[in-house]
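Structure assessment
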Amino acid sequence: MPGLPFRGRRRQDGGAPSEEEIRAHVAGAASAAAAEVEPVPAVVADRTAAAFFDVDNTMMMGASLFWFARGLASRKYLTSRDIARFAWQQAKFRVAGNESAGDMHTIRETALAFVAGREVAEIVDAGEEIYDELMADRIWSGTRNLAQQHLDAGQRVWLVTATPVELARIIAHRLGLTGALGTVAEVVDGRYTGRLVGELMHGEAKAEAVRALAEREGLDLARCTAYSDSANDLPMLTLTGTAVAVNPDTELRAVARSRDWTVRDFRTGRKAARIGVPTVAAAAVTGGVVGGAVALRRRRA
């Protein structure tokens, strides 16, 4: 891995960083190193300011990795049992907020196991198709407009997400954004090994990735803006000079109120206070329905 200086939060006692902090640092450094950087916009460039957007429930309705898995299931990459288990893991991951070490280990070990041995180009091609089929219509227009405002001001815009960086790049490019910071999967000879580089792009790892990118691109984080729906992203939200809560969960809404952050809610016809757990539960049920549909098609075949 790149020999970057450790940027994690220093212990007050001056002790060595924990294994979790080291994993977050490695994941952040890998994600920043993998980030593509588009040319500056045609308008007068504001080179030291940028915006960072979470994806799931912030830029897109639902979990991008779930829709990706659903698309792969329709292409026979996954079994009905795989998709149901995957949906449950995503639901648990979303609700927990303070995941146990055991939960994070399980998620880390299984997050990309379903593409192990597959060629990167094959999965990227499938991702392009799956975006058109299942994701394009789920982009929040309100959030997309927020991103466009930054672009119009000459600022660069990156997605920051736990979804694989290859899929994150597809989403960013389709939206006309600068690029994406995502979870980096280990690749050997053009094929996925099924293992992650460091950690999932989650929590502190997102902050590490943003720090690393800011250092590389000469960004002034005090002039940057971060957007998210989840309290899990507080490390990233508190890193930038401006934080905006978009479609916030209950905890993030409370934090935003206490810190006088802007709150933007694009969930038509629903009260934000009721949105968190029911949405996750619905995703898990959907996963079961999708799995059942896949199994039914197979029986009929």
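Residues numbered from 1 in each chain as written. Predicted model: local features only at pLDDT ≥ 70, side-chain atom pairs only at ≥ 80, totals over all residues. Heavy atoms only, no water.

Note the cut-off: UniProt positions are given in the numbering used here, feature names are shortened, and annotations may be inferred rather than shown by experiment.
Taking an unreviewed UniProt entry as the reference, the protein is identified by name as HAD family hydrolase belonging to Geodermatophilus arenarius. Turning to the protein, the UniProt annotation filed under Sequence similarities (unreviewed entry) states: "Belongs to the HAD-like hydrolase superfamily. SerB family."

1. A closer look at the sheet that holds strand 8 (residues 262-264)
We apply this condition: DSSP-based pairing: two strands are paired if at least 2 bridges between them are found. Put simply, DSSP marks the helices as runs of H or I at least four residues long and the strands as runs of E at least two long, and each gets a number from the N terminus on. To define axes, lines are fitted to C-alpha atoms, for helices over the stretch in contact only, and angles between the resulting N-to-C directions are given on a 0 to 180 degree scale.
Taken together, the six strands give an open sheet; going across it, the order is 3-2-1-6-7-8, and neighbouring strands pair in parallel fashion. Strands at the two margins of the open sheet, each flanked by one partner only, are strand 3 (179-183) and strand 8. Strand after strand, the sheet turns through a mean of 20° between neighbouring axes, direction not considered. The sheet contact formed by strand 7 (residues 242-246) and strand 8 spans three bridges and is parallel. The residue bridging V244 from the neighbouring strand is T262, located in strand 8.

2. Quick notes on the environment of P248
Structurally, P248 can be placed in the loop between strand 7 and helix 10 (250-259). Counting along the chain gives 17 residues from P248 to D265, while the straight-line C-alpha distance between them is 7.3 Å.

3. Some details on the environment of N57
Applicable threshold: Here's how the labels work: a residue is buried when its accessible area is under 20% of the maximum for its type, exposed when over 50%, partly exposed in between, all with a 1.4 Å probe on protein chains only. By the criterion applied in these results, polar contacts are pairs of N or O atoms within 3.5 Å in which, for protein atoms, one can donate a hydrogen and the other can accept it, and in which residues neighboring in sequence qualify only through two side-chain atoms.
Tracing the sequence through the fold places N57 in the loop between strand 1 (50-53) and helix 2 (64-74). The buried category is assigned to N57, whose relative accessible area is 17%. Distance in space between the C-alpha atoms of N57 and T143 is 10.0 Å, their sequence separation being 86 residues. There is a polar contact of 3.0 Å between the side chain of N57 and the backbone nitrogen of G62.

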